[in-house]
Amino acid sequence: MKRILLVYNPVSGHAAFKNKLDGVIEQFQRRGIFLSVYRTCAGDNAAFAECVKLSGAEGVIAAGGDGTLHAVVNWLKRDRFDLPVGVIGSGTSNDFAAHLKLDTQKVIDAVVEGRTRPVDLGLANGAEYFINVASAGVFTGIAHGVDSRLKNFLGKSAYYLRGLGELTNFKAVPLQIVADGQQLSVEAFLFLVLNSPSVAGFKKLSDSAQIDDGKLDLLVLKKCSTGGLMTLAKRILGGASVEGDDNIIHLPAAQIEINSSAALISDLDGEAGFPLPLRLEALRHALRFFC
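Residues numbered from 1 in each chain as written. Predicted model: local features only at pLDDT ≥ 70, side-chain atom pairs only at ≥ 80, totals over all residues. Heavy atoms only, no water.

1. Quick notes on unusual backbone geometry
Quick reminder of the rule: Where helices and strands are cited, they refer to DSSP runs of H or I of at least four residues and of E of at least two residues respectively, numbered from the N terminus. Here the term buried applies to any residue with accessible area under 20% of the maximum for its type, exposed to any over 50%, and partly exposed to those in between, with areas from a 1.4 Å probe on protein chains only.
Of note, the bond from Leu-276 into Pro-277 is cis; its omega dihedral lies within 30 degrees of zero at 15°. If you trace the backbone, Pro-277 turns up in the loop between β14 (271–275) and β15 (278–290). For Arg-80, which is not glycine, the phi torsion reads 60° and is therefore positive. Here Arg-80 is to be found in the loop between α3 (66–78) and β4 (85–89). Assessed through its relative accessible area of 78%, Arg-80 is described here as exposed. The phi dihedral of His-285 falls on the positive side, at around 55°, and the residue is not glycine.

Dropping the structure here:
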C-alpha cells in the first residue's frame, strides 16, 4: 500500500477542511493509499521532518491554500526531501491548484497512478522558495493585514474589501530592476513575479507565464492615472491578460533583481517575505507535482 503524508492547515479558508478530513482519508484508502496526517501549527513546524521520516511517505499532499503549499515546499526543501507534492485547494486563495484545475479526485488519481509532472520553483534571496508569485508594492501586503476570522468568513472578498480601503494610499515607488542583465528604472505602483498565470483568483493574469519553462514572468504596473488604473482593472475583471496594456511592463527572465529606495516588504505566495532588495531565480523542474 502506497504511503502519503497529508499536511492540512486547520484554519485555511473557511476552516472547513478539518470537517472533511475523514471523508478524504476514506477516499484515499479505498484507492489503496494509506494516509498519515500532519496538522500544521504556528511556528516553524520543526517536527515536520520527523513526521516525514516516521510516515515512510512516498509523497506529500498539502490541504490548504497557497500559503500552506508554500510552507510544505519550503519544509521539504529545507530538509532535502525529494518527494512529489500535491495540493487539495482549501484555502482563501488556491491559485496554483486552480491553474492546474485540481480537485480531490484528480489528486487521488494522480497519486494512485504515480502521475507527476516537473514544475519550476522560484527562489528568493537564496533562502526561501515560492511556487506561484513574488510581489511588492501597493496591495501586495493586504493578505498580511486581513484578520484571519474575516478571511475565513468572507473568503477572497476580504482581500478586495481591504484593498478598497487602500485606494487613497496609492503611491508610486522607484524600482531598479535587472532582468537577465537588462537594466530598468521605473516609477511603479507594484510588481509581480509569476511562476503560474493565476494570481489573486484571476486565472489568466499573464499569457506567457508557464510553470515549467525555466522562466519567471515579471509584470510591473507603472505609475499611471486613475483612468489608466480603471481601464486595467476592467481588463483584469474581464478575465483578460494584462500583457500588452500600456501601463504594464512584461519581462520574462530566469534571474531578476529588484531594489528600491522606498522601504518595501515582499510577499511570497501570500506570505510575508524579505525586504527589498530582492534576488529571484527560476529553478527549472525543481519539484515533482501530482497532477
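2. Remarks on the environment of Phe-96
To be explicit about the condition: The contact rule is simple, with two residues in contact once any of their heavy atoms fall within 4.5 Å.
Looking at the secondary structure, you find Phe-96 in helix α4 (residues 95–99). For the pair formed by Phe-96 and Leu-69, sequence separation is 27 residues and the distance between their alpha carbons is 8.9 Å. The contacts of Phe-96, once residues within four sequence positions are left out, are Asp-66, Leu-69, Ile-131, Asn-132, Asn-195, Ser-196, Ile-211 and Phe-289.

3. Notes on the packing of aromatic side chains
Basically, it comes down to this: Planes of paired rings set the category: under 30 degrees apart is stacked, over 60 is edge-to-face and the rest tilted, where pairs are Phe, Tyr or Trp rings (Trp by its six-membered ring) whose centres lie within 6.5 Å.
Evaluation of the coordinates by the stated rule reveals 5 aromatic pairs. Centroid distance Tyr-38 to Phe-48: 5.6 Å. Interplanar angle 75°. Geometry classified as edge-to-face. With Tyr-38 in strand β2 (residues 33–39) and Phe-48 in helix α2 (residues 48–55), this residue pair connects regions lying 10 residues apart in the sequence. We classify Phe-48 as buried; its relative accessible area is 0%. By way of ring pairs, the aromatic residues Tyr-38, Phe-48 and Trp-75 are connected into one cluster.

4. Regarding helix α5 (residues 104–113)
The criterion, for reference: Read the arc as the range of directions from the helix axis to the C-beta atoms. By the criterion applied in these results, polar contacts are pairs of N or O atoms within 3.5 Å in which, for protein atoms, one can donate a hydrogen and the other can accept it, and in which residues neighboring in sequence qualify only through two side-chain atoms.
Residues of α5 that are buried include every one of Thr-104, Val-107, Ile-108, Ala-110 and Val-111, and no others. All buried residues of α5 project into a common sector of 165° when viewed along the axis, lining one side. For α5, the elements touching its buried residues are β1 (2–8), α1 (17–30), β2, β3 (60–64), β4 and β15. If you check the start of α5, you find a side-chain oxygen 3.2 Å away from the backbone N of Gln-105, and it comes from Asp-103. Positioned one or two residues after α5, Gly-114 has a phi angle of 65°, which is positive.

5. Things to note about the side chain of Ser-198
Locating Ser-198 in the fold gives a position in the loop between β9 (182–194) and β10 (216–222). Excluding its chain neighbours within four sequence positions, the residues that come into contact with Ser-198 are Asp-95, Ala-98, His-99, Asn-132 and Lys-203.

6. Notes on the pattern of salt bridges
The condition that has to hold: Here a salt bridge means any side-chain nitrogen of Lys or Arg lying within 4 Å of a carboxyl oxygen belonging to Asp or Glu.
Applying the stated criterion across every chain yields a total of 9 salt bridges. In this structure, Lys-204 engages Asp-207 in a salt bridge whose closest nitrogen and oxygen atoms are separated by 3.4 Å. Ionic pairing is found between Arg-235 and Asp-245, a salt bridge with its closest N-O pair at 3.8 Å. Taken as a pair, Arg-235 in helix α9 (residues 226–237) and Asp-245 in the loop between α9 and β11 (248–253) lie far apart in primary sequence, 10 residues in all.

7. A look at the nonpolar core
Here is the rule we go by: Buried Ala, Val, Leu, Ile, Met, Phe, Trp, Tyr and Cys residues that are joined via side-chain atoms within 4.5 Å together make up what is termed a nonpolar core.
Counting 49 residues, the largest nonpolar core has Leu-5, Phe-28, Leu-69 and Phe-289 as the members making the most contacts within it. Look past the residues within four positions of Leu-69 in its chain and what remains in contact with it is Ala-62, Val-85, Gly-86, Val-87, Phe-96, Ile-131 and Phe-289. Residues Ala-134, Leu-216, Leu-264 and Leu-268 belong to the second largest nonpolar core, which totals 26 residues.

8. Side note on α1
Basically, it comes down to this: The span you would expect from a helix comes to 1.5 Å times its residue count less one. Fitting one axis to the seven residues ending at a residue and another to the seven starting there, the bend at that residue is the angle between the two axes.
For α1, which comprises 14 residues, the first-to-last C-alpha distance of 19 Å matches the rise-based estimate of 20 Å (1.5 Å per residue) to within 8%. Where α1 bends most, the angle comes to about 30°, and this point is Gly-23. Along α1, the residues that are buried comprise Phe-17, Leu-21, Val-24 and Phe-28. Here the buried face of α1 lies against β1, β2, β3, β4 and α5. Following α1 by one or two positions, Gly-32 adopts a phi angle in the positive range, close to 85°.

9. Some remarks on the environment of Asp-213
Note that Asp-213 resides in the loop between β9 and β10. Overall, Asp-213 belongs to the partly exposed group, its relative accessible area being 27%. Along the backbone, Asp-213 and Ala-282 are 69 residues apart, and their C-alpha atoms lie at a distance of 9.1 Å. When sequence neighbours within four positions are dropped, the list of residues in contact with Asp-213 reads Asp-120, Ser-208 and Arg-284.

10. Brief notes about the confidence of the model for the protein
Low-pLDDT stretches of the model should not have their predicted coordinates read in fine detail. Where we set the bar: pLDDT runs from 0 to 100 and stands for how confident the predictor is about each residue.
This prediction gives the protein a mean pLDDT of 87; 87% of its residues lie at or above 70. This model gives residues 148–165 a pLDDT under 50, and the stretch forms 34 contacts once residues within four places in sequence are excluded.

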